[in-house]
Number of protein chains: 2
Amino acid sequence: MFRAAAHLDLAFQALADPSRRAMVDRLIQGPATVSELAKPLAMSLPGVMQHLAVLEASGLVVSEKRGRSRTCRIEPKVLSQAEQWITERRLLWERRLDRLGQFLDETKDN
Amino acid sequence: MFRAAAHLDLAFQALADPSRRAMVDRLIQGPATVSELAKPLAMSLPGVMQHLAVLEASGLVVSEKRGRSRTCRIEPKVLSQAEQWITERRLLWERRLDRLGQFLDETKDN
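Just so we're clear, the structure is a prediction, and the values are computed from it rather than from any experiment.

How each quantity is defined
- Residues numbered from 1 in each chain as written.
- Chains lettered and ligands numbered in written order.
- Predicted model: local features only at pLDDT ≥ 70, side-chain atom pairs only at ≥ 80, totals over all residues.
- Heavy atoms only, no water.
- Pairing = 2+ DSSP bridges.
- Helix = DSSP H or I, 4+ residues; strand = E, 2+ residues; numbered from the N terminus.
- Contact = heavy atoms within 4.5 Å.
- Axes fitted to C-alpha atoms, helices over the stretch in contact; angles between N-to-C directions.
- Patch = residues over 30% accessible without salt bridge, like charges linked within 9 Å, V, L, I, M, F, W, Y side chains within 5 Å.
- Areas by Shrake-Rupley, 256 points an atom, 1.4 Å probe, with all protein chains shown as cover.
- Salt bridge = Lys/Arg side-chain N within 4 Å of Asp/Glu carboxyl O.
- Expected span 1.5 Å × (residues − 1).
- Buried < 20%, exposed > 50% of the residue type's maximum accessible area, 1.4 Å probe, protein only.
- Arc of directions from axis to C-beta.
- Polar contact = N/O pair within 3.5 Å; in protein donor to acceptor, adjacent residues only side chain to side chain.
- Buried area = accessible area lost by both parts, 1.4 Å probe.

Colleague: Lay out the sheet that holds strand β2 (residues 61-66) of chain A in plain terms, naming residues and giving numbers.
Modeller: Residue and element names in this part refer to chain A. Across the sheet, 3 strands lie side by side as β1-β3-β2; this open sheet has antiparallel pairing. Each of the sheet's edge strands pairs with one partner strand only, and the pair in question is β1 (32-33) and β2. Of the strand pairs in this sheet, β2 and strand β3 (residues 69-74) are connected by 6 bridges, and their pairing is antiparallel. Each residue of the ladder has a partner; that of Ser63, found in β3, is Cys72. Against the sheet, helix α2 (residues 18-28) contacts β1, β2 and β3, and its axis sits at roughly 85° relative to β3. With respect to the sheet, helix α4 (residues 45-58) is in contact with β2 and β3, its orientation differing from that of β2 by roughly 120°.

Right under this line is the structure:
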């Protein structure tokens, strides 16, 4: 439970930055090197490496050194866990609204 | 576009803390006063107020002073926007996997 919570902390933290979300967007299309990630962001390689470290710590991205370049890819499990947390709350909220609507309808009939 | 990105920054930032997620969990069940939010968290009122400020800044929660107490409620729109961002990426990822599988199948047949 604690580990799951810590995972979500890191995942949402990683997603709370537009450059990191842009990197996730790029990696959703397929693996990319650090240079390829840096290009559309107009960011220095050290800057990209810092964001990459946050993404890797969260488990959203994994990277691997191949020869002289580092290749990054998305790891969809953590993305799904973050989605699931929000979706569960949204569904609970909608069910609450449905019950409220039903209650108001029943009250109106009496 | 910029405003949407800034909204997502604040929403994911707000969700990146277990106490704030616990407050969202509580408010999904219905409105609550600040004292009611503080109780299960075993947290001081000032501590809860700080977390509440982050949740309000993100638009996930709105609060209103009624008499001597402040009542908080969930604002589902921002939660939906955060969910939508993740869901879109998950679907793109799944489509990519499908295309990859299809490509591998076609290659096998030849």
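Read on, since the account is not over.
Colleague: Give a description of a nonpolar patch on the surface that names residues and reports values.
Modeller: On the surface, Leu97, Leu100, Phe103 and Leu104 of chain A cluster together to form a nonpolar patch covering roughly 390 Å² of accessible area. Along the chain, Leu100 of chain A falls in helix α5 (residues 76-109).

Colleague: Tell me what's going on with helix α4 (residues 45-58) of chain B, and back it up with residues and numbers.
Modeller: Two residues of an α-helix separated by three or four positions point the same way, owing to the 3.6 residues in each turn. All names here are of chain B. When the terminal C-alpha atoms of α4 are compared, their 20 Å separation across 14 residues agrees well with the 20 Å that a helix rising 1.5 Å per residue should span. Every buried residue belonging to α4 is among Gly47, Val48, His51, Leu52, Leu55 and Ser58, and all of these are buried. Buried residues of α4, viewed axially, fall in a sector of 135°; they line one side. Of the exposed residues in α4, those oriented more than 90 degrees away from the buried face are Pro46, Gln50 and Ala57. Two to three positions downstream of the cap, the backbone nitrogen of Gly47 sits 3.1 Å from a side-chain oxygen, assigning the N-cap of α4 to Ser44.

Colleague: Could you give an account of the interface of chain A and chain B, with specific residues and numbers?
Modeller: Each side of the interface is counted separately: chain A has 31 residues, and chain B has 31 residues. Summing both partners gives a buried area of about 2900 Å² for chain A against chain B, and 64% of it is carried by carbon and sulfur. Considering only the surface of chain A that becomes buried against chain B, Arg21, Glu83 and Trp93 of chain A emerge as the three largest contributors, covering 21% of it. The salt bridge involving Asp25 of chain B is made with Arg89 of chain A; its shortest N-O contact spans 2.5 Å. The tally of links between chain A and chain B comes to 13 residue pairs in polar contact (both at pLDDT 80 or more). Elements represented by at least two residues in the side of chain A that touches chain B include exactly α1 (2-15), α2 and α5 of chain A. Counting residues per element, the side of chain A that touches chain B draws most heavily on α5 of chain A, at 13 residues.

Function-wise, these values are silent; they only describe arrangement.
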